[in-house]
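Chain by chain, the residues:
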Amino acid sequence: MKQSHALAYLRQICCSGLSRELAIGEFLKTLPLVVPSNSNTFSVGDSQLRPVYHIAGFELADMAATAPEIIAAYHTPERQRRANVWFASHPCIGDPRVMEQGFYATDLYHLIYRRFDMHHVLWLPLPLDGGAAGVLGLYRPQHQKPFDGRDQTRVLSLLPYLAHAFRAGNDNSFQLGPPCGSGMLVMDTQGKTVFQSPEATRLLELARYPRLLRDMRGQDRLLAKLAELCRNLLGIYRGEDAPPPSFSHHAATGQYLFKAYWLNGCGDQPERLIGVTVEYRQPLTLKLLRALRDQPLSPAQREVALLLAQGEPFEKIGQRLHIKMTTVRDHIGKIYTKLNIHQREELLPKLLAASASSSEQLYPAETERFR
């Protein structure tokens, strides 16, 4: 992908109206296409830069229980004071030893950073409302060169858009796309987890919140709800008036549909097991934006194609984009030609297929080039 297209996509994602978690998560995953990097993060801290909110642009499901403690333990008042002093006269931190001379001997580096090839750092502060401050973190492996002034300039130009995405908050009233992930847990009749697939582990972390340094009681509530599904299934077997063993969980990252069913026969016996499936759906807007990012369309044509795929009438597209109907029709004709389709009904399936390919292949392939 051309760097100019990646830059345009980053700005578009931040201003798309997507929820805070989705927009920032997508931003972190796409940023390596503009500035070669990996395992990027975004943290929000209080007035002393102590982190209270943290999103990782990579999978941390298997470290969710330990990473928050390690990160919190590292951010001592003295280290934060040194960071504040540095940020008072510098736009970023390019050497972690500003925070701690022995940084590369800390638990944070050995237990997290080394594991995810986070050796060279670029930390950029981002002022937010109410005295809060964000810090965007970019990382490179040890065998790569450190970040330079050109990298800093590119990222600094994107910080206002990242701030906009953070202020957007979370809106769960989005139109959902088709299923894009599923997993399974095995539980006993009392709701104790016996096994969960790797994909189920990942989806549970997304459903709980794709962030660290969060009140862990949010995770407990979700696990309690899954245990309730198992008890409902058992209650139905006993002839009780129990709700159906399924529920839909809406989070900032999308919708998660959980369903429970018997695996090895129904009954009260301890050996009876219950399977709980989880199906994940993302907002349709995100899927369409991912697909349009890679199409041979102009920025204006991408805007028209997005609204067209979402089912907006021609008249409303013109009103939303403040263009004449003749211009709308001209854009649509060019969209059909460039995408090799002949009618509106072909657009959405084509973009959804492109989105599935893009999300599965582009990020790993692009990231691997910089490792």
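For clarity, every value in this text was computed on a predicted model and none was experimentally measured. (Residues numbered from 1 in each chain as written. Predicted model: local features only at pLDDT ≥ 70, side-chain atom pairs only at ≥ 80, totals over all residues. Heavy atoms only, no water.)

### As for the overall build of the chain
Put simply, the test is: A run of H or I in DSSP counts as a helix once it spans at least four residues, and a run of E counts as a strand once it spans at least two, with each numbered from the N terminus. Relative accessibility under 20% of the residue-type maximum defines a buried residue, over 50% an exposed one, and the middle range a partly exposed one, all with a 1.4 Å probe and only protein chains included. Only the protein chains shown count as cover for residues, and the accessible areas themselves come from Shrake-Rupley with a 1.4 Å probe.
Counting its secondary structure elements, the chain contains 14 helices and ten strands. Taken across its 371 residues, the chain has 49% of its residues classed as buried. Accessible surface, the chain: about 17,500 Å² in total, of which carbon and sulfur atoms supply 53%.

### As for the environment of L307
Selection criterion: Contacts between residues were defined by any pair of non-hydrogen atoms, one from each residue, lying within 4.5 Å.
Inspection of the secondary structure assignment puts L307 in helix α11 (residues 299-309). In this structure L307 comes out as buried when scored by relative accessible area, which is 4%. Taking C-alpha positions, L307 is 9.4 Å from T285, a pair spaced 22 residues apart along the chain. Once residues within four sequence positions are removed from consideration, L307 is found in contact with E312, I317, R320, L321 and R344.

### With respect to helix α1 (residues 3-14)
Put simply, the test is: The length a helix should cover is 1.5 Å for every residue beyond the first. In this context, the arc is that of the directions from the helix axis out to the C-beta atoms.
Taking 1.5 Å per residue as the helical rise, α1 with its twelve residues ought to reach 16 Å, and the 17 Å between its terminal C-alpha atoms agrees with that figure. Listed in full, the buried residues belonging to α1 are A6, L7, Y9, L10, I13 and C14. Considered in projection along α1, the buried side chains sweep an arc of 160° and stay on one side of the axis.

### Focus on empty space enclosed by the protein
Definition in use: Cavity and pocket criteria rest on a 1 Å grid covering protein atoms alone: a 1.4 Å probe that fits but cannot get out defines a cavity, protein on both sides within 12 Å along at least 5 of 7 lines defines an open pocket, and an atom within 4 Å of a point defines a lining residue. Grid points are joined across faces, edges and corners, and a volume is the space filled by probe spheres set on the points.
Tallied over the entire structure, the rule returns two cavities of 30 Å³ or more. Its boundaries defined by the atoms lining it, the largest cavity holds a volume of some 390 Å³. Lining the largest cavity we find 30 residues, and of these S43, H75, Y113, W123 and Y139 sit closest to its centre. The greatest single-element share of the lining of the largest cavity, amounting to five residues, is contributed by strand β4 (residues 133-140).

### A word on the pattern of salt bridges
Oppositely charged side chains may form a pair once their charged atoms are brought near each other. Where we set the bar: One side-chain nitrogen of Lys or Arg within 4 Å of one carboxyl oxygen of Asp or Glu is enough to make a salt bridge.
For the structure shown, the criterion picks out 14 salt bridges. In this structure, R140 engages D151 in a salt bridge whose closest nitrogen and oxygen atoms are separated by 3.2 Å. Placement of R140 in strand β4 and of D151 in helix α6 (residues 149-156) is noted, with a sequence separation of eleven residues between them. Side by side, R140 and D151 carry an identical accessibility label, which is buried. Several salt bridges converge on common partners, so that one network encompasses E78, R79, R81, R82 and E100.

### A look at helix α4 (residues 77-87)
Residues of α4 that are buried include every one of R79, Q80, A83 and F87, and no others. Angularly, the buried residues of α4 cover 95° about the axis, an arc narrow enough to put them on a single face. Exposed residues lying more than 90 degrees from the buried face of α4 are P77 and V85. In this fold, the buried residues of α4 make contact with α3 (67-74) and β3 (120-127).

### With respect to the confidence of the model for the chain
The cut-off we apply is this: Values of pLDDT, the confidence the predictor places in each residue, fall between 0 and 100.
In the predicted model, the chain carries a mean pLDDT of 86, and the fraction of residues at 70 or more is 88%. Confidence drops under pLDDT 50 across residues 360-371; counting only partners more than four residues distant or on other chains, this segment forms 26 contacts.

### Focus: the packing of α11 against helix α13 (residues 325-339)
Test applied: Working convention: axes come from line fits to C-alpha atoms, limited for helices to the stretch in contact. Angles between N-to-C directions cover 0 to 180 degrees. Reported orientations rely on four angle classes, namely roughly parallel under 35 degrees, roughly antiparallel over 145, roughly perpendicular from 65 to 115, and oblique for the rest. Throughout this entry, Asp, Glu, Lys and Arg are counted as charged residues, while Ala, Val, Leu, Ile, Met, Phe, Trp, Tyr, Cys and Pro are counted as nonpolar. The remaining residues, Gly among them, count as polar.
In contact at an axis separation of 10 Å, α11 and α13 are set at 90° when each is read in the N-to-C sense. With respect to their mutual orientation, α11 and α13 come out roughly perpendicular. Residue-level inspection shows A300, Q301, V304, A305 and L308 of α11 in contact with α13, the latter providing H331, I332, K334, I335, Y336 and K338. Its residues placed into classes, the contact of α11 with α13 shows seven nonpolar, two polar and two charged.

### With respect to the pairing of strand β6 (residues 193-196)
Rule in force here: Whether two strands pair depends on DSSP finding at least two bridges between them.
Of the pairings in the sheet, the one linking strand β5 (residues 176-188) to β6 comprises three bridges and is antiparallel in character. By the bridge assignment, L185 is partnered in β6 with Q196. The hairpin formed by β5 and β6 contains four residues between the paired strands, and G191 there has a positive phi angle of roughly 90°.

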